[in-house]
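Residues per chain, in single letters:
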Amino acid sequence: MSTVRVGLRCDAGPRRGVGHLVRCLALAEEFLARGADVTVFGTVERLDWAIAELAARGIPLLPGPDSAADLAEAARRHELDVLVLDSYDLDPAGAGALRAAGVYTVAIIDGDSRGQVADLYLDQNFGAELPGLPGRLLAGSGYALLRDSVITARPPVAPPATAVSRPRVLAFFGGTDAVGAAPVLTRVLVAAGHPMDLTVIVGRPEIEAEIEDVTPGRGQIIRPVPPTTSLPALITGADLVVSAAGTSTWELCCLGAPSALVCVVDNQRESYTRVVRHGLAAGLGELPELTAGGVAGRAARATAARTLHGLLSTPQRRATLAARAWSTVDGQGRARVVDAVFDAVRVAVPR
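Per chain, residue numbering runs from 1 following the sequence as it is written. pLDDT decides what is reported in this predicted model: residues at 70 or higher carry local features, side-chain atom pairs at 80 or more are listed and counted, and totals for whole chains, interfaces and linings draw on all residues regardless. Excluding hydrogens and water, the side-chain figures rest on all heavy atoms present in the structure.

(A) The sheet that holds strand β2 (residues 37-41), seen in detail. Paired strands are those between which DSSP finds at least two bridges. Strands are runs of DSSP state E lasting at least 2 residues, helices are runs of H or I lasting at least 4, and numbering of each runs from the N terminus. Here we have seven strands laid out as an open sheet, ordered β3-β2-β1-β4-β5-β6-β7, and parallel in their pairing. Each end of this open sheet is capped by a strand with a single partner; those strands are β3 (61-62) and β7 (136-139). Taken together, the four bridges between strand β1 (residues 5-9) and strand β4 (residues 82-85) define a ladder with parallel strand orientation. When the sheet's bridge partners are listed, Gly7 is paired in β4 with Leu83. Packing against the sheet, helix α1 (residues 19-33) makes contact with β1, β2, β4 and β5 (104-108), and its axis sits at approximately 175° to β1. Every residue pair with non-hydrogen atoms within 4.5 Å of one another is taken to be in contact. For helices, the fitted line uses only the C-alpha atoms of the stretch in contact; every axis is such a line through C-alpha atoms, and the angle between N-to-C directions lies from 0 to 180 degrees.

(B) Representation of the packing of helix α12 (residues 294-313) against helix α13 (residues 315-328). Running from amino to carboxyl end, α12 crosses α13 at an angle of 95°, the nearest separation of the two axes being 5 Å. Relative to α13, α12 is oriented roughly perpendicular. Residues Gly310, Leu311, Leu312 and Ser313 of α12 form the contact with α13, whose own contacting residues are Pro315, Arg317, Arg318 and Leu321. We call Asp, Glu, Lys and Arg charged. Ala, Val, Leu, Ile, Met, Phe, Trp, Tyr, Cys and Pro are nonpolar, and the rest, Gly among them, are polar. Residue composition of the contact of α12 with α13, grouped by class: four nonpolar, two polar and two charged. Each angle gets one of four labels, with under 35 degrees taken as roughly parallel, over 145 as roughly antiparallel, 65 to 115 as roughly perpendicular, and the rest as oblique.

(C) How the structure looks around the pattern of salt bridges. We count a salt bridge whenever a side-chain nitrogen from Lys or Arg sits within 4 Å of a carboxyl oxygen from Asp or Glu. Taken as a whole and judged by the stated rule, the model has 24 salt bridges. Between Glu30 and Arg334 there is a salt bridge whose closest N-O contact spans 2.8 Å. Here Arg334 lies in helix α14 (residues 333-348) and Glu30 lies in helix α1, a separation of 304 residues in the sequence. Each member of the pair Glu30 and Arg334 is classed as buried. It is possible to trace a salt-bridge network through shared partners that takes in Glu29, Glu30, Arg34, Glu53, Arg57, Asp148, Arg334 and Asp339. Residue exposure (1.4 Å probe, protein chains only): buried if accessible area is under 20% of the type maximum, exposed if over 50%, otherwise partly exposed.

Right under this line is the structure:
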């Protein structure tokens, strides 16, 4: 079979965040490793590090077609065999138009197919189920899409319990922190009242300014840092990670990180609830609750602070979360997805 030509359609930026691009990048790495030709179609705004990640892998970034007709035309023009769609904003009719044009179509979804008629659906969320789809469904964290940098940093066993007087805490909320969660959770961490060495990844200058206004408590250090390609190393070096319940959840699981998650947007709620219920991470609640005024807001923040204090002061509690998380995501998800695509394409597109 000649080289398979693969396109990935996604966008990233301060409003959208980078989750769609990060998981497409993971798929791109696997396709490249299998000898495929890969192109990303979309808009990447104000994210120099993300553009550099694509360039370092030799992956072209071309403008992203939005309409069904433009998607089909782009696929024809670039002679694509496969097009992966990862967006909440594209015209749902695009998948059907691509299939009609003879392009094998993969729709990455998060609990809602949005009416897309694809050949293959991928929902990498823990416990995902979506019956009745017209195409094949790959569902669950066994299909989590993780980048090379995460897979290679995965420890051989789940991290053991370690008692430390001042735990190292890492807080990050996506590549851009589109909803401004970092200052809120930094204050909640300080309110936990436990000594800590806190590193906060700040996606935007205005976020950093808010972090610098937070006064640490006794035995607490707050260190804001910009987005970095060394995130996996920061994660594995932390005693506790506080993060949003988005695509980074699977990175944290794969790396065996003891984590406390916050649900920052509505489409994270179902996955957040499942992950917390099954003990893969501790739950800190939903961001709107933590930012609310009045008695309700104070109560939500106090509850989250108590949860964090319990984690910071109890190594065994952190180790239990880490072990469950590590055993749930093995880092082979993207290989399983590409296996499924290649098996289908070899049948559909004989060369």
